[in-house]
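Descriptive structure summary
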Amino acid sequence: MTGYNFREIEDRWQQRWADHGAHRVPNPGDEHFDDAKPKKYILDMFPYPSGAGLHVGHPLGYIGTDIYSRYHRMRGANVLHPMGFDSFGLPAEQYAVETGIHPRITTEKNIANYTRQLKAFGFSYDWDRSIATTDPDYYRWTQWIFLQLFGAWFDESQQRARPISELVTELEEGARDADGVAWRNLMGDDRTAYLDSQRLAYIDEVPVNWCPALGTVLANEEVTPEGRSDRGNHPVFRRPLRQWMLRITAYADRLIDELDLVDWPESVKTMQRNWIGRSEGANILFPVSGHTHLRVFTTRPDTVFGATYMVVAPEHPIVDEITPTEWPDGTNSKWTLGIGDPRTAVEAYRLAASRKSELDRQVEDREKTGVFTGAHAVNPLTGEPVPIFVADYVLMGYGTGAIMAVPGQDERDWEFAELFDLPIVRTVQPPREFEGDAYTGQGPAINSGFLDGLGIAAAKARIIQWLEVNGHGEGTITYKLRDWLFSRQRYWGEPIPILHGPNGELRAVPDDELPLRLPEVDDYRPHASNDENAEPTPTLSNATDEWKYVEIDGIRYTRELNTMPQWAGSCWYYLRYLDPTNTEVLVSPEAERYWMGEHGVDLYVGGVEHAVLHLLYARFWHKVLNDLGHVSTKEPFGKLFNQGYILADAFQDQRGVYVPAEEVVESSGAFTHNGEPVNRLYGKMGKSLKNSVNPDDMFDEYGVDTLRLYEMFMGPLDTSRPWSTRDIVGVHRFLQRLWRNFVDEETGEMLVSEEPASGELAVLLHRTIEAVTTDMENLHFNTAMARLFELNNALVAETAVPSDVASVLPRLLAPLAPHISDELWHRLGHDGFLINADWPAYDESLIAEDTATMVVQINGKVRDRIEVPVNIIESEAVAIALASERVMAHTGGSEPRKVIARLPNVLSIVV
RNA sequence: GCCGGGAUGGCGGAAUGGUAGACGCGGCGGACUCAAAAUCCGCUGGGCGCAAGCCCGUGUGGGUUCAAGUCCCACUCCCGGUACCA
């Protein structure tokens, strides 16, 4: 028997590809580099190498890009198709905390396992270009990019980053001043402080989820709805901390505008635009009686006559200043939380708010809460006093952290106003049929003095002019986008290469000292504390003094002890693949220009979960590198494609925390984990939901080609689908049948004829080539396979495979199932690998049809199907149709009132 | 909540506004076999009918059109993101 022995075939071909370097791709200037070929850069989003290993959801996109890469190799392109590892991250660190095993050891083990699993798929990656973000030779350049950000500022007038040395020159020359102060009037420390405030990487106080018991800041998702830590159930406080920030907001307009340069799904572009959230409006100053001004941002300055109260965020610094010691006479009891004086009431409310996560605060289902500060502002348009509240539906991080509330035109304000008995004044006339509460639509202004009668746009323009003339505010633009919080109190991340001087001055670690390697520590935990006001002491403070303190020119500097977030390494990895071993520069200009070309990466495939954060951060870094002359394109990823997810059951325990799905036991319809009942849910396979399925078992039972085909045949690449092994036998049968069509299972002889196909089989062959080619171009691998199934099924009736079919079919299949295809190719007597063979061409004349099925519709319903010549004219078609018995049964012989012809396929008759 | 996406036979899915359900799984029937597996052949959305054929059918309710799975409006449910999971 010489049946389809997939294990032997797959092992042998993978070995041969490796031995011959079949997937190695030369750079410009290297040996065997062919300048005449077009380039294709086909990129996967690289994985985090988790301890659980690769799961069957990961390779969905990887199989897709591998097929596409192999196809383009066969079409004659230089294809760059690399793979690497996003290997910094929390799980290895948490494992280190629990076991004391260095995260590097865990990470290297996981990378080795991932590499083994990826290679087992037979992917055509150029493994010589593989990188891991944890390699010091890699993160050396991540640190270098950070220093580029630290050493640059954003020139608003040119809308680009420039070296900070050029800012110094312009300040010294008097071409600029420092926020209105001439440079020569600034002293040394003030000069430094000013420059530091201008850098793209800067330090600022920002509110974060601080968990003193864990000694770290937590993500919103790590905070339970009760305001405690997901791990350990410790209290979490929302408080400001000094953190490294990256000035992504400077690029807000370019990040919006330059989306026009890329071929991305419109949905992803929309998500990015919404995330950046550019809105035009005005800042308005409200005098606060006897004190100061409250500056609010509003997108609806035209409604200012309807502002009947004010709200500031709980963190707003003005609260301390304006809150009096006693409630004013006649204060509504609903406004006071039942507390005797405003200071105590406001403090109680702020504490409660600090224990809520940001997400919770934005959930509009929740009943609005708030407290009166006891202070009033004056509406500058109406002259009326308006009470100032603290409420957590206003966020410190957006606009000015304070709003003028206009319940007549804002639903949130309406809701709050009803709850707190506040007056509601409409300033836009709703249509007569309008029945709701707040009216946010178009209409003429009312109750608005000199604005009355104007439409919204005109009223906005008029009021902004008035505000600016009278010094009560100005037109402005704000963004929802916030600067990027870049500090982490973790161990397993890139050390931030900054030294802190005795007077708070910042100094970059010199380039020639990079990489700044992670120090060895005994304890991977940050310092815990019972004091919510304690300053963070990150894990790197556990390093030796020798590492932590550096003396330069007699000055003792302290190293920055925070590390970078995991995003950092994934922001630029696509550039390092181009030139992964270069020790002089991040990437050589020659390699960068060739592989990035005009539009950057030719196809970037990954999950839509990265639609905003990863893709926005990477675009930001790329633009900075472009501004500073290190890369040549404005955008990194010319074309983006989102593959779907493999979905699977997931399980949550009673606290709402996910537990590993593989450890969940089912008995009589109920699910338990370690004896505790758990709830079944459903979602994306992966480490978040702890519901991964390992592919190794699939290889054993069906082989690599079968698993590749199965994942592609489950559905189109961009949709999600539940994992189910039931259908896998279908594609396995396809390969078995293919094998039997080509190989005599008794003798091992090839069953190939010397004659080419004729008749219908020849037509089918060329139609298949055409269809598969189109499908390959469009990543429609499921339908490409359906076509190949049909061709393969048609061969069953033949005693031998016609010579042209034998030549074409393995080549069409090669990108999808490369192992069996190379084996058949080899047995047909060809040398070499199919990845280097030519893609088949089809004969136009063979696929042209001379007749077509014409559908005849009577009053919109299909009543007959008639074979007609493809070039039939309308009068003939109508005559044939009306003569048909089935048609006559529905027309009753009456004359058509109307005929719509889409010949030769459709004839629609109305009687 | 907000932003983005999705819903088609028992199941995965296919369909430039123009024959709904290609292809595969599952199911049913048949051939081969002592038998079973494998393989090969046929049927397979629902209802009515002896048949010819007719009616219904793409999450729900409306609409546009000669014609709607596809376009428009309003819903329902599910999935992704929501800035320290990556």
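Below is a summary of the structure that appears in this document. What you see is a predicted model; the values in this text were computed from it and never measured.

1. So, the packing of helix H1 (residues 6-19) against helix H26 (residues 818-827)
Axes are the key here: two packed helices are described by the angle between their axes and the distance separating the axes. At a minimum axis distance of 9 Å, the contact between H1 and H26 shows a crossing angle of 85°. Judged on the interaxial angle alone, H26 and H1 are roughly perpendicular. Facing H1, whose interface residues are Ile9, Glu10, Arg12, Trp13, Gln14, Arg16 and Trp17, H26 presents Pro818, His819, Ile820, Asp822, Glu823 and His826. The residue makeup of the contact of H1 with H26, split by class, is five nonpolar, three polar and five charged.

2. Some words on the packing of aromatic side chains
Under the definition given, this model contains 50 aromatic pairs. Where Phe88 meets Trp492, the ring centres are 4.9 Å apart and the plane angle is 70°; that geometry is what we call edge-to-face. Linking Phe88 in the loop between strand S2 (78-80) and helix H3 (90-99) with Trp492 in the loop between strand S15 (484-485) and strand S16 (498-500), this pair joins segments that are 404 residues apart in sequence. For the pair shown, Phe88 and Trp492 are each scored as buried. Consider the rings of Phe121 and Phe699, whose centres lie 4.9 Å apart with planes at 75°: the pair is edge-to-face. Taken together, the residues span a long stretch of sequence, with Phe121 in the loop between helix H4 (103-120) and helix H5 (136-150) and Phe699 in helix H20 (residues 696-702) at a distance of 578 residues. Exposure class is identical for Phe121 and Phe699. Each is buried. By the ring-pair criterion, three or more aromatic residues cluster together here, those being Phe146, Phe150, Phe154, Trp244, Tyr251, Trp484, Phe486, Trp567, Tyr617, Phe620 and Trp621. The side chain of Arg199 reaches across the aromatic face of Phe150, ending 4.0 Å from its centre. A cation sits over an aromatic face here: Arg559 above Trp547, 5.2 Å from the ring centre.

3. Some details on the packing of helix H25 (residues 803-813) against H26
Two elements in contact, H25 and H26, have axes separated by 8 Å at closest approach and are oriented at 155°. One finds that H25 runs roughly antiparallel with respect to H26. Judged by the twist between their axes, the crossing of H25 over H26 is left-handed. For the pair H25 and H26, contact is made by Ser807, Pro810, Arg811 and Leu813 and by Ile820, Ser821 and Trp825, respectively. Within the contact of H25 with H26, the residues separate by chemical class into four nonpolar, two polar and one charged.

4. Quick notes on the environment of Arg740
In this fold, Arg740 is placed in helix H22 (residues 728-742). Residue class for Arg740 comes out partly exposed when judged on its relative accessible area of 41%. Residues Arg740 and Val168, 572 residues apart in the sequence, show an inter-C-alpha distance of 76 Å.

5. So, the sheet that holds strand S30 (residues 861-869)
The strand order S30-S29-S32-S31 describes an open sheet built from four strands, whose pairing is mixed. Two strands bound the open sheet, and with one partner strand each, they are S30 and strand S31 (898-902). Across the sheet, the axes of successive neighbouring strands diverge by a mean angle of 20°, strand direction being ignored. Bridge count between S31 and strand S32 (residues 906-910): five bridges; the pairing is antiparallel. Across the sheet, the residue bridging to Ala901 is Leu907, located in S32. The strands that helix H28 (residues 874-883) touches are strand S29 (851-858), S30, S31 and S32; relative to S32, the one it contacts most, it runs at about 65°.

6. So, the protein's contact with RNA strand B
By nearness alone, 76 residues border RNA strand B, and Asp86, Ala219, Gln566, Met714 and Ser908 come closest of all. Of what RNA strand B places within 4 Å of the protein, 68% of the atoms are sugar or phosphate. Here a sugar or linking oxygen of RNA strand B and a side-chain polar atom of Asp86 are 2.3 Å apart. Ser908 is positioned with one of its side-chain polar atoms (N or O) 2.5 Å from a base oxygen of RNA strand B. Per element, the largest residue contribution to the surface near RNA strand B is six residues, and it comes from helix H24 (residues 781-795). A class-by-class count of the residues in the surface near RNA strand B yields 27 nonpolar, 24 polar and 25 charged.

7. Here's the deal with the pattern of salt bridges
By the definition in use, this model includes 36 salt bridges. In this structure, Arg199 and Asp196 form a salt bridge, with 2.8 Å as the shortest nitrogen-oxygen distance. As a salt-bridge pair, Arg300 and Asp302 come within 3.1 Å of each other at their nearest N and O atoms. Here Arg300 and Asp302 have matching classes, each one buried. Among the charged side chains, a network of salt bridges with common partners joins Arg254, Glu258, Arg619, Lys623, Asp627 and Glu635.

8. A closer look at the nonpolar core
Counting 179 residues, the largest nonpolar core has Phe146, Phe486, Tyr573 and Trp621 as its most contacted members. Broken down by element, the residue count for this core peaks at nine residues, all from H5. Setting aside anything within four residues of it in sequence, one finds Tyr573 in contact with Leu43, Asp44, Met45, Phe46, Ile131, Tyr138, Tyr604 and His614. By size, the runner-up hydrophobic cluster in this structure holds 50 residues, among which are Ile284, Trp335, Ala345 and Ala377.

9. Points about the pairing of strand S10 (residues 309-312)
Side chains Tyr309 and Val311 of S10 all project onto a buried face; the interleaved residues Met310 and Val312 project onto the opposite face, where all are buried too. In this sheet, strand S13 (residues 402-405) lies alongside S10 in antiparallel orientation, the contact comprising four bridges. Paired with Met310 across the strands is Met404, a residue of S13. Pairing of S10 with strand S12 (residues 385-390) involves three bridges; the strand directions are parallel. Residue pairing across strands places Val312 opposite Val390, the latter belonging to S12.

10. What to know about the sheet that holds strand S14 (residues 473-478)
Here three strands make up an open sheet; going across it, the order is S9-S8-S14 and the pairing antiparallel. This sheet does not close on itself; its edge strands, each paired only once, are strand S9 (293-298) and S14. Each strand axis lies, on average, 30° off the axis of its neighbour in the sheet, ignoring direction. Bridge analysis of strand S8 (residues 279-287) against S9 gives six bridges, and the strand direction is antiparallel. The residue of S9 that forms the bridge with Leu285 is Arg295. Of the strands in this sheet, S8 and S14 touch helix H14 (residues 456-469), which is tilted by about 125° from S14.

11. Some words on the side chain of Arg350
Relative to the assigned elements, Arg350 resides in helix H11 (residues 342-354). Here the side chain of Arg350 touches Asp320 through a polar contact of 3.0 Å, side chain to side chain. With residues near it in sequence (within four places) discarded, Arg350 still touches Pro314, Glu315, His316, Val319 and Asp320.

About the thresholds
Residues numbered from 1 in each chain as written. Chains lettered and ligands numbered in written order. Predicted model: local features only at pLDDT ≥ 70, side-chain atom pairs only at ≥ 80, totals over all residues. Heavy atoms only, no water. Axes fitted to C-alpha atoms, helices over the stretch in contact; angles between N-to-C directions. Helix = DSSP H or I, 4+ residues; strand = E, 2+ residues; numbered from the N terminus. Parallel < 35°, antiparallel > 145°, perpendicular 65-115°, else oblique. Contact = heavy atoms within 4.5 Å. Nonpolar A, V, L, I, M, F, W, Y, C, P; charged D, E, K, R; others polar. Phe/Tyr/Trp six-rings, centres within 6.5 Å; stacked < 30°, edge-to-face > 60°. Buried < 20%, exposed > 50% of the residue type's maximum accessible area, 1.4 Å probe, protein only. Lys NZ or Arg CZ within 6 Å of the ring centre and 35° of its normal. Left-handed = near helix turned anticlockwise from the far one by under 90°. Pairing = 2+ DSSP bridges. Near = heavy atom within 4 Å. Polar contact = N/O pair within 3.5 Å; in protein donor to acceptor, adjacent residues only side chain to side chain. Salt bridge = Lys/Arg side-chain N within 4 Å of Asp/Glu carboxyl O. Core = buried A, V, L, I, M, F, W, Y, C linked by side-chain atoms within 4.5 Å.

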